[in-house]
Amino acid sequence: AFDTFTQQGYRLRDVEGYMTKGGLRYAALWDKGGNGKFVARHGMSGQAYQSRFDQYTSNGYRLTHVDGYWTPKGVRYVAIWEKAGNGAFVARHGMTGSSYQTAFDNYVGQGYALKHVSGYWDGSQIRYAAIWNR
């Protein structure tokens, strides 16, 4: 679907991973708006996600979406980066409820606005991944 839609000029805006009895599934939202480059990756472990985050942000991409989801192999991430936008942003993943609240209070206090938050199960508790923009 990714290859088909991008070849037709659609841009991936949102994607969520989830498990069913039939296996891993993805739900995605596409639109024909927007110019510029973007990259999306799925099925990343926390370490792989951090590596891609470092790689893409150092090449001028901005994280616009991140979703965590539980699989039998552990937590995985799907993310979208766009080669656009100015201004500072911060992103965190693997946060507990209390560490998410601390990060939220800290970043909002510094003038950031919450852009996106994903709550997900890690096999033992709820975790959060979030993006704040300034």
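Each chain has its residues counted from 1, running along the sequence as written. A pLDDT threshold of at least 70 governs which residues receive local features in this predicted model, and a stricter bar of 80 or more applies before side-chain atom pairs are shown or counted, although totals over entire chains, interfaces and linings include all residues. Calculation of side-chain values draws on the structure's entire complement of heavy atoms; hydrogens and water are dropped beforehand.

J.: I tried to follow the packing of aromatic side chains on my own but got confused; where do I start?
T.: Stacked, tilted and edge-to-face pairs are distinguished by plane angle, under 30 degrees for stacked and over 60 for edge-to-face with tilted covering the rest, among Phe, Tyr and Trp rings (Trp via its six-membered ring) whose centres lie within 6.5 Å. All told, the structure shown has 17 aromatic pairs when counted by the stated rule. Relative to W132, the ring of Y100 has its centre 6.2 Å away and its plane inclined at 25 degrees; by these criteria the two rings are stacked. One end of the pair, Y100, is in helix α3 (residues 97-109); the other, W132, is in strand β8 (residues 126-133), with 32 residues separating them in the sequence. When accessible area is computed with a 1.4 Å probe and restricted to protein chains, residues below 20% of their type maximum are described as buried, those above 50% as exposed, and intermediate ones as partly exposed. Note on W132: relative accessible area 0%, which makes it buried. With a centroid separation of 4.9 Å and an interplanar angle of 45 degrees, the aromatic rings of Y107 and W132 are classed as tilted. Each helix is a run of DSSP H or I of at least 4 residues and each strand a run of E of at least 2, with the numbering of both proceeding from the N terminus.

J.: Could you clarify how one ought to interpret a nonpolar patch on the surface in this entry?
T.: Together, M19, L24 and Y26 make up an exposed nonpolar region whose accessible area comes to about 230 Å². Tracing the sequence through the fold places Y26 in strand β2 (residues 23-31). The exposure class of Y26 is partly exposed, given its relative accessible area of 33%. Only residues whose relative accessible area exceeds 30% and that form no salt bridge are eligible for patches; like-charged ones are grouped when within 9 Å, while nonpolar side chains (Val, Leu, Ile, Met, Phe, Trp, Tyr) are grouped when within 5 Å. We get accessible surface area from the Shrake-Rupley algorithm with a probe of 1.4 Å; when it comes to residues, only the shown protein chains can shield them. When a carboxyl oxygen of Asp or Glu lies within 4 Å of a side-chain nitrogen of Lys or Arg, that pair is called a salt bridge.

J.: I tried to follow the sheet that holds strand β3 (residues 38-44) on my own but got confused; where do I start?
T.: Paired through backbone hydrogen bonds, the strands of a sheet run either parallel or antiparallel to each other. A strand pair is defined by DSSP finding two or more bridges across the two strands. Overall, antiparallel pairing links the three strands, which are arranged β3-β5-β4 in an open sheet. What marks the edges here is a single partner per strand, and that holds for β3 and β4 (62-71). Within the sheet, the average angular offset between the axes of one strand and its neighbour, ignoring direction, is 10 degrees. Two strands pair when backbone bridges link them, and β3 and strand β5 (residues 74-82) are joined in this way by five bridges, in the antiparallel orientation. Note that in β5 the partner of A40 across the bridge is I80. Any two residues whose heavy atoms approach within 4.5 Å are treated as being in contact. Axis lines are fitted to C-alpha atoms, over the contacting stretch for helices. Their N-to-C directions set the angle, which ranges from 0 to 180 degrees. In the packing of helix α2 (residues 46-58) onto the sheet, the strands contacted are β3, β4 and β5, and the crossing angle to β5 comes to about 15 degrees.

J.: How do you make sense of the side chain of E82 when you look at a structure like this?
T.: Relative to the helices and strands, E82 is located in strand β5. Once you skip the residues sitting within four places of it in the chain, E82 turns out to touch R11, R13, K37, F38, G60, Y61, R62 and T64.

Read these as layout, nothing more, since geometry by itself doesn't imply function.
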